[in-house]
Amino acid sequence: MASEDVKSTGESAVTTFVNLAAEEAKLAREGVKAPGHAILSVFKSLVAGGVAGGVSRTAVAPLERLKILLQVQNPHNIKYNGTIQGLKYIWRTEGFRGLFKGNGTNCARIVPNSAVKFFSYEQAASGILWFYRQQTGNEDAQLTPLLRLGAGACAGIIAMSATYPMDMVRGRITVQTEKSPYQYRGMLHALRTVYVEEGFRALYKGWLPSVIGVIPYVGLNFAVYESLKEWLVQTKSFGLVEDGELGVTTRLACGAAAGTVGQTVAYPLDVIRRRMQMVGWKDAASIVRGDGRAKTPLEYSGMIDAFRKTVRHEGFGALYKGLVPNSVKVVPSIAIAFVTYEVVKDILGVEMRISD
């Protein structure tokens, strides 16, 4: 009965969406703006962002898991160093499913995160552009790279904060193995367990370095991507513009460049965030310190303390643990996310331009 209700509800939602889209298209042909135009546009934008996030993260899930394992790996019991070696180790010890461990939780987090992030960026960019035009008195003014950076930072903070508890437990689920002394059975079980055993605040461990890191990461992603596209279209450089538009391959390259710049600048904060997320987890020592040999619990009094202890005990290079698989991952991930978002929006018929 429950499955039939879910199926019925899903079919009803799809039918409603299709009918709304058809009605909107009909009214548009007649020159009349549909009453629900704004709501439907928002829904389409959220759907496009969610699809973009899910597709891009699933495509690079093995590299994402390896990155997190390297970030929290015991420095005195290193089982693998390189990307290929690490992937082979996961395959040998956990099989094919091990490469995608935590991906379901990641998608459950990244779909709403990506949806909110892309939608928030467009809304923030529109608001900033309106304010900028009001201040300058120039109705034809366009967003500068700095303004795009601000809009991207706002979008990143909003999206990250809204879904942070899911990211926190996703980190723990990702690092546990078949031999871990305690197993989270899934995202909901992990959320409930952390809340009961460690309290509500534990769900936001590592939030501060995440906020600080998301400003250059997401901000630079959007700023570099949009600025590169605009520059290529305006200058028609390298003959990449056809009919005033950039091709998918060119947009992929722009997204790759954006991802490379953003992740390199913010990466140390991502390492510290992951380590702070392990604090308070009674079984984390066996994972981070290796096979349960060290009984000393993981303790950081805050972000600065985590930076200090990491550098003192493991050296400055520890702040970039997992950078290689992350670099291999983030370039196609960001590129696929941007292109998927634009393609889905084109299919759904959402206006792409940010304007008043």
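For the structure, check the block above.
As the structure is a prediction and not an experimental result, all values here were calculated from the model.

Brief notes about the overall build of the chain
- Of regular secondary structure, the chain possesses twelve helices and two strands.
- When the elements of the chain are put in sequence order from the N terminus, they spell out α-α-α-α-α-α-α-α-β-β-α-α-α-α.
- Taking all 356 residues of the chain together, the buried fraction comes to 47%.
- Put simply, of all contacts in the chain between residues at least 6 apart along the chain, 75% involve residues at least 24 apart.

Remarks on the environment of threonine 105
- Its place among the elements puts threonine 105 in helix H5 (residues 103–136).
- Taking the relative accessible area as the measure of exposure, threonine 105 reaches 9% and is therefore buried.
- Separated by 83 residues in the primary sequence, threonine 105 and leucine 188 have C-alpha atoms spaced 9.2 Å apart.
- Those residues in contact with threonine 105 that sit more than four places away from it in its chain are Met166, Arg170, Ile173 and Met187.

Considerations on helix H4 (residues 83–99)
- Under the 1.5 Å per step criterion, the end-to-end length of H4 is only 12 Å for 17 residues, more than 12% shorter than the ideal 24 Å.
- The principal kink in H4, of about 105°, is found at threonine 93.
- Looking only at H4, the buried set comprises Thr83, Gly86, Ile90, Glu94, Gly98 and Leu99.

A few points about a nonpolar patch on the surface
- A surface patch of nonpolar side chains, about 360 Å² in accessible area, is lined by Tyr195, Val196 and Phe200.
- Note on placement: phenylalanine 200 falls in the loop between helix H7 (187–198) and helix H8 (207–235).
- A relative accessible area of 51% means that phenylalanine 200 is categorised as exposed.

Examining the pattern of salt bridges
- Enumeration over the complete set of coordinates arrives at 16 salt bridges.
- Where glutamate 314 meets arginine 275, a salt bridge forms, and the shortest distance between an N and an O atom there is 2.6 Å. With glutamate 314 in helix H11 (residues 303–314) and arginine 275 in helix H9 (residues 248–278), this residue pair connects regions lying 39 residues apart in the sequence.
- With relative accessibility at 25%, the residue glutamate 314 sits in the partly exposed group.
- Its relative accessible area of 6% is what places arginine 275 among the buried residues.
- Residue lysine 309 pairs with aspartate 305 through a salt bridge whose shortest N-O separation is 3.3 Å. Remark: aspartate 305 and lysine 309 occur in helix H11; sequence separation between them is four residues, near one turn of the helix.
- We classify lysine 309 as partly exposed; its relative accessible area is 24%.
- Through salt bridges that share partners, Glu64, Lys67, Asp167, Arg170, Asp270, Arg273 and Arg274 make up one connected network.

Some words on the packing of aromatic side chains
- By the definition in use, this model includes seven aromatic pairs.
- Ring geometry for phenylalanine 118 versus tyrosine 341: centroids 4.0 Å apart, planes at 20°, classification stacked. Residue phenylalanine 118 is located in helix H5, and its partner tyrosine 341 is located in helix H12 (residues 323–348); the two are separated by 223 residues in the primary sequence.
- Note on phenylalanine 118: relative accessible area 5%, which makes it buried.
- Geometrically, the ring pair formed by tyrosine 164 and tyrosine 204 is stacked, given 5.8 Å between the ring centres and 20° between the ring planes. Of the two residues, tyrosine 164 is situated in helix H6 (residues 145–175) and tyrosine 204 in the loop between H7 and H8; the sequence distance between them amounts to 40 residues.

Let's talk about the side chain of arginine 251
- In this structure, arginine 251 sits in helix H9.
- Using a relative accessible area of 13% as the deciding quantity, one classes arginine 251 as buried.
- Contact partners of arginine 251, with chain neighbours within four places excluded, come to Tyr225, Lys229, Leu246, Val339 and Glu342.

Considerations on the side chain of arginine 274
- Along the chain, arginine 274 turns up in helix H9.
- Arginine 274 sits in the buried class, given a relative accessible area of 0%.
- The residues touching arginine 274, leaving out its near neighbours within four places in the chain, are Glu64, Ile68, Gln71, Val72, Asp167, Arg170 and Gly171.

Comments concerning H5
- Counted at 1.5 Å a residue, the expected span for H5 with its 34 residues is 50 Å, and the 46 Å between its end C-alpha atoms agrees.
- The positive-phi residue at the C-terminal boundary of H5 is glycine 137, with phi of around 75°.

Things to note about the packing of H6 against H7
- Contact geometry for H6 and H7: axes closest at 9 Å, N-to-C directions at 100°. Classed by the angle they form, the pair H6 and H7 counts as roughly perpendicular. Judged by residue contacts, Pro165, Met166, Met168, Val169, Arg172 and Ile173 of H6 engage Met187, Ala190, Leu191, Val194 and Glu198 from H7.
- Of the residues in the contact of H6 with H7, the class split is nine nonpolar, no polar and two charged.

What counts, and where the lines are drawn
- Residues numbered from 1 in each chain as written.
- Predicted model: local features only at pLDDT ≥ 70, side-chain atom pairs only at ≥ 80, totals over all residues.
- Heavy atoms only, no water.
- Helix = DSSP H or I, 4+ residues; strand = E, 2+ residues; numbered from the N terminus.
- Buried < 20%, exposed > 50% of the residue type's maximum accessible area, 1.4 Å probe, protein only.
- Contact = heavy atoms within 4.5 Å.
- Expected span 1.5 Å × (residues − 1).
- Bend = angle between axes of the 7 residues up to and from the residue.
- Patch = residues over 30% accessible without salt bridge, like charges linked within 9 Å, V, L, I, M, F, W, Y side chains within 5 Å.
- Areas by Shrake-Rupley, 256 points an atom, 1.4 Å probe, with all protein chains shown as cover.
- Salt bridge = Lys/Arg side-chain N within 4 Å of Asp/Glu carboxyl O.
- Phe/Tyr/Trp six-rings, centres within 6.5 Å; stacked < 30°, edge-to-face > 60°.
- Axes fitted to C-alpha atoms, helices over the stretch in contact; angles between N-to-C directions.
- Parallel < 35°, antiparallel > 145°, perpendicular 65-115°, else oblique.
- Nonpolar A, V, L, I, M, F, W, Y, C, P; charged D, E, K, R; others polar.

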